[in-house]
Amino acid sequence: MVVCVSANDLDFERCYRAVATRDSRFDGHFVTAVRTTGIYCRPSCPAITPKRANVTFLPTAAAAQQGGFRACRRCLPDAAPGSPLWNTRADLASRAMRLIGDGVIERGGVPALANALGYSQRQLTRVLTGELGAGPLALARAHRAHTARLLIQTTRLPMSDIAFAAGFASIRQFNDTVREVFAVSPTALREESRRRNGDTLPATNGLLTLRLPYREPLDRSWLEWFLAAHAVPGLELYESGVYTRSLRTPHGHTTIRLSIQPGHVRAALSLQDMRDLAPTVARIRHFLDLDADPVGIDEALTAGMAGMPLRVGLPCEVPGADPTAQRSNGAAAVSPANGVVPRSNGDGRANGIVLPAGIRVPGCLDGPELLLRTMIGQQISVAAANTHTARLVQQLGEPIDGPIPHLFPTAEAIAEHGSEVLTGPGRRIEAIVGAAKALASGDLVLHSGRTAAELRRDLLALDGVGPWTADYVTMRLLADPDVLLPSDLVVRRGAALLGVDLTATARWSPWRSYLTMHLWKHALANPEPRASAKIEPLGRRAAQ
């Protein structure tokens with residue numbers, strides 16, 4: 001029997017069973033390095049299963065590349081969904097991986113990454129090498145190789161432009177890396193793709209259409225409802241199943257069009273600067289929670305429901321459902337009749353209820369925007385929050401060309417002019433402007449590499465920010481899987497309907513963010529009769 005334990009204690013037998021059965025659920029969790037061929041693959045690779053004595057299992061593609069292995073061009077292991085560990089774990093290695101995915105090293109090198117995480121470069125390198133089998137430069141190199149492959153295979157950009165857009169310091173470094181990782185030259189890699197897929201590349205540089213894979217199942221109705229209900233006029237648009245908006249990126253701005261398809265999200269990107277491809281893709285994946293492990297989460301939630309008339313089953317969809325139907329004041333109607341939030345049997349109280357499988361926790365595309373929009377929406381409905389935010393965007397947002405006329409206002413603009421535009425209680429306006437000033441001055445830093453405890457502490461230090469807002473922002477900014485919102489009125493009602501005791505939820509740890517989504521969805525699917533025509537999600541909560 002071959003015994004092999006990787007740098008982060010991967011179980012050899014479990015990994016080998018996944019490879020032998022070509023189990024796609026493990027794609028992104030680890031890579032299989034085959035010593036006899038020098039190739040590393042994803043677990044579901046259709047190639048002949050290698051012998052036990054010839055394989056090693058590694059936690060990252062960077063570790064495989066550092067060991068001298070090249071990527072399989074048949075299964076493209078870098079195209080698998082990302083590891084769910086970077087969200088479920090909160091240690092230094094996981095936080096570093098989130099920032100590396102956002103392109104921090106390409107923009108500022110290892111010193112910028114170490115500074116953002118609050119560690120020395122030496123200590124950071126030691127931890128990453130021990131946990132992930134590769135240091136920060138090797139991890140960033142693997143990330144650049146993935147971006148380069150995307151640009152080579154999906155654009156007509158000259159190779160010299162791709163080299164610098166992917167973050168390489170020179171064309172020679174680009175050529176050498178592609179040859180080492182994929183065992184062919186960049187030109188040959190493009191030709192292979194063209195022979196396989198046909199000459200279908202877009203004629204205009206800067207326009208890309210990507211397939212972003214996710215692990216199934218996925219509760220599509222919940223994500224589509226969330227996107228539609230929270231779409232702010234002038235900033236976002238949800239129409240015919242397509243979510244469109246523009247967002248600031250490190251080198252300009254990007255317009256994204258997202259539609260959820262079986263097995264993947266179709267992402268049409270219009271990039272002002274091609275160097276923003278990798279951070280844009282990382283933010284979209286975070287925004288839609290595409291790297292989650294839904295099977296593992298659903299099994300854990302169901303196990304926590306032992307002794308209750310509840311379980312997590314197949315997604316509940318209504319054919320032909322349109323999340324934009326019956327729109328009012330810019331928010332999608334919540335009526336179960338439109339199929340966006342399906343109704344359970346009876347009055348919604350737990351009676352052998354099967355909750356939808358594959359529910360996701362929406363993340364965010366921009367940390368400061370998330371905080372400011374959340375503060376605007378405190379104690380009011382989603383429709384009212386959309387109206388207030390739309391006014392702010394119209395007055396202070398940066399005008400741009402394209403289907404979406406504005407970018408969300410900068411913290412600096414809101415700090416300077418927010419009091420002139422925002423309406424409502426004076427204390428709330430002061431709190432929003434105060435938060436914008438903290439963001440603009442750098443006193444408050446919001447990025448996905450922060451720890452939950454430190455982030456929550458800094459948020460609670462702001463005037464006008466209570467536990468609900470701090471927890472909600474932490475959940476979405478960090479993709480924290482274990483945040484419960486017990487003071488939220490909609491969560492309370494969902495818990496009452498399902499018989500969940502909000503004071504005893506440890507059985508569902510570390511997945512209480514997903515439990516919160518289930519409680520929200522179930523309450524919205526079963527509105528109180530007197531509020532059925534006007535109930536608004538996530539907008540009314542207990543006083544903080």
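To keep things clear, this report deals only with the structure shown in the data block. Since the structure is predicted, the reported quantities are computational estimates derived from the model, not experimental observations.

What to know about the nonpolar core
- Ranked by size, the top nonpolar core spans 73 residues in total, and within it Leu-301, Leu-371, Leu-459, Val-500 and Trp-520 carry the most contacts.
- Ignoring anything within four residues of it in the chain, the contact list for Leu-459 reads Leu-371, Leu-444, Leu-446, Val-465, Ala-470, Val-473 and Thr-474.
- Counting 52 residues, the second-largest nonpolar core is a separate cluster that includes Tyr-40, Ala-166, Val-178 and Phe-287.

A look at the pairing of strand E7 (residues 242–249)
- Extensive coverage of E7 is indicated by the burial of six of its eight residues.
- Connecting the antiparallel pair strand E6 (residues 236–239) and E7 is a turn made up of two residues, with Ser-240 showing a positive phi of about 55°.
- Pairing of E7 with strand E8 (residues 252–261), which is carried by seven bridges, proceeds in the antiparallel orientation. In the sheet register, Ser-246 faces E8, and the bridge partner there is Thr-255.
- Remark: two residues form the turn of the hairpin made by E7 and E8, two consecutive strands paired antiparallel.

Considerations on the side chain of Thr-280
- Tracing the chain through its elements places Thr-280 in helix H12 (residues 277–287).
- In contact with Thr-280, not counting residues within four places along its chain, are Thr-249, Thr-254, Ile-256, Leu-269 and Leu-271.

Side note on the sheet that holds strand E3 (residues 55–58)
- The strand order across the open sheet formed by four strands is E3-E1-E2-E4, and the pairing between neighbours is mixed. The sheet is open, and its two edges are formed by E3 and strand E4 (70–71), each paired on a single side.
- Here four bridges tie strand E1 (residues 31–34) to E3, and the two strands are oriented antiparallel to one another. Opposite Val-34, over in E3, you have Val-55 as the bridge partner.

Overview of the sheet that holds strand E9 (residues 264–271)
- Taken together, five strands build an open sheet; the order of strands is E5-E9-E8-E7-E6 and the sheet is antiparallel. Every interior strand has two partners, whereas the edge strands, strand E5 (207–213) and E6, have only one. Between one strand axis and the next, the sheet turns through 25° on average, direction left out of account.
- Summarising the sheet, E5 and E9 pair through seven bridges and their orientation is antiparallel.

Description of the environment of Val-465
- If you trace the backbone, Val-465 turns up in the loop between helix H18 (452–460) and helix H19 (467–478).
- Take Val-465: its relative accessible area is 7%, and that puts it in the buried class.
- It is 9.6 Å that separates the C-alpha atoms of Val-465 and Leu-371, two residues lying 94 residues apart in sequence.

Observations concerning helix H6 (residues 121–132)
- Taking 1.5 Å per residue as the helical rise, H6 with its twelve residues ought to reach 16 Å, and the 16 Å between its terminal C-alpha atoms agrees with that figure.
- Those residues of H6 not exposed but buried are Leu-124, Leu-128 and Leu-132. In an axial view of H6, the angular spread of the buried residues amounts to 25°, which keeps them on one side of the axis. Turned more than 90 degrees off the buried face of H6, the exposed positions are Arg-122 and Arg-126.

Remarks on the packing of aromatic side chains
- Per the stated rule, a full pass over the model turns up twelve aromatic pairs.
- With centroids separated by 6.4 Å and ring planes inclined at 75°, the aromatic side chains of Trp-225 and Phe-226 adopt a geometry described as edge-to-face.
- For the pair Trp-468 and Tyr-472, a centre-to-centre distance of 4.7 Å together with 15° between the ring planes defines the contact as stacked. With a gap of four residues between them, Trp-468 and Tyr-472 both fall in helix H19, about one helical turn apart. In this pair, the class of Trp-468 matches that of Tyr-472, namely buried.
- Taken together, the ring pairs in this structure connect Phe-12, Tyr-16, Phe-26, Phe-30 and Phe-57 into an aromatic cluster.
- One residue, Arg-144, lies across the ring of Phe-168, its end atom 5.5 Å from the ring centre.
- The lysine or arginine in question, Arg-507, covers the ring of Trp-508, its NZ or CZ lying 5.0 Å from the ring centre.

What counts as what
Residues numbered from 1 in each chain as written. Predicted model: local features only at pLDDT ≥ 70, side-chain atom pairs only at ≥ 80, totals over all residues. Heavy atoms only, no water. Core = buried A, V, L, I, M, F, W, Y, C linked by side-chain atoms within 4.5 Å. Buried < 20%, exposed > 50% of the residue type's maximum accessible area, 1.4 Å probe, protein only. Contact = heavy atoms within 4.5 Å. Helix = DSSP H or I, 4+ residues; strand = E, 2+ residues; numbered from the N terminus. Pairing = 2+ DSSP bridges. Axes fitted to C-alpha atoms, helices over the stretch in contact; angles between N-to-C directions. Expected span 1.5 Å × (residues − 1). Arc of directions from axis to C-beta. Phe/Tyr/Trp six-rings, centres within 6.5 Å; stacked < 30°, edge-to-face > 60°. Lys NZ or Arg CZ within 6 Å of the ring centre and 35° of its normal.

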